[in-house]
Amino acid sequence: MRAASLANYFTAGCAASSLLGWVASLHPMSFRAIAFLTAASFILWGLCWLLDFSVSGWLKISVTNLQALLLAILAAGIIGAGVWLCS
């Protein structure tokens, strides 16, 4: 995975999580739905870390590329959580 594509995934993840945080701050029902999506995503993210060798085989990428992608998702999620908490 090239650094440019990883940076694009990071930027897209930051934009998406910031948008979801903003939408969650608008209405209580959207807050619940996005909180559910966030929890489900966190569970899938954790499973990808635990099963990284089988997931990398299923996605047909190397384990190091998968781990780099998971770290980019973590960083984007942290930025999105900051937007969610500050809005």
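Please read these numbers as outputs of a predicted model, since none were measured by experiment. All chains use their own residue numbering, which begins from 1 and follows the written sequence. Note on the predicted model: pLDDT of at least 70 is required for a residue's local features to be given, and 80 or more for side-chain atom pairs to be given and counted; whole-chain, interface and lining totals, by contrast, use all residues. Each side-chain value is derived from all of the structure's non-hydrogen atoms; neither hydrogens nor water enter the calculation.

**Examining the side chain of S18**
To be explicit about the condition: Elements are defined by DSSP. Helices are runs of H or I of four residues or more, strands are runs of E of two residues or more, and each kind is numbered from the N terminus. N or O atoms closer than or at 3.5 Å make up a polar contact, with two conditions inside protein: a donor-capable atom paired with an acceptor-capable one, and, for residues adjacent in sequence, both atoms drawn from side chains. Should any heavy atoms of two residues lie within 4.5 Å, those residues are counted as being in contact.
Relative to the assigned elements, S18 resides in helix α1 (residues 3–24). A distance of 2.7 Å separates the side chain of S18 from the backbone oxygen of C14, its partner in a polar contact. Apart from the residues lying within four places of it in its own chain, the contact partners of S18 are G80 and V83.

**Thoughts on the confidence of the model for the protein chain**
As a reminder, the rule being used: pLDDT runs from 0 to 100 and stands for how confident the predictor is about each residue.
On average, residues of the protein chain score 84 in pLDDT, and 98% of them are at 70 or above. Within the protein chain, the element-level pLDDT minimum falls on α1, averaging 81, and the maximum on helix α2 (residues 28–50), averaging 88.

**Section: the packing of α1 against α2**
In a pair of packed helices, the angle between the axes and the distance between the axes together describe the arrangement. The test is simple: Note on definitions: angles span 0 to 180 degrees between N-to-C directions of axes, and those axes are lines fitted to C-alpha atoms, for helices only across the stretch in contact. Polar here means any residue other than Ala, Val, Leu, Ile, Met, Phe, Trp, Tyr, Cys and Pro, which are nonpolar, and Asp, Glu, Lys and Arg, which are charged; Gly is therefore polar.
As a packed pair, α1 and α2 sit with axes 8 Å apart at the nearest point and diverge in direction by 145 degrees. The residues of α2 that touch α1, namely those facing L20, V23 and A24, are S30, F31 and I34. Looking at the contact of α1 with α2, its residues break down into five nonpolar, one polar and no charged.

**Notes on α2**
Spelled out, the test is: Helix span, as expected, comes to 1.5 Å for every residue beyond the first. Between buried and exposed lies partly exposed: a residue is buried under 20% and exposed over 50% of the maximum accessible area for its type, with that area taken using a 1.4 Å probe on protein chains only.
Over its 23 residues, α2 runs 33 Å from end to end, which matches the ideal 33 Å to within 8%, given 1.5 Å per residue. What α2 keeps buried is the set S30, I34 and W45. Structurally, α2 contributes buried residues whose contacts are with α1 and α4 (63–86).

**Notes on a nonpolar patch on the surface**
Note the following rule: In this analysis, a patch consists of residues with relative accessible area above 30% that form no salt bridge, clustered at 9 Å for like charges and at 5 Å for the nonpolar side chains Val, Leu, Ile, Met, Phe, Trp and Tyr. Note on areas: Shrake-Rupley with a 1.4 Å probe; residue coverage comes only from the protein chains shown. For salt bridges, the criterion is a side-chain nitrogen of Lys or Arg within 4 Å of an Asp or Glu carboxyl oxygen.
Together, I43, L44, L47, L50 and L51 give the surface a local cluster of nonpolar side chains, amounting to about 520 Å² of exposed area. As for its placement among the helices and strands, L47 is situated in helix α2.

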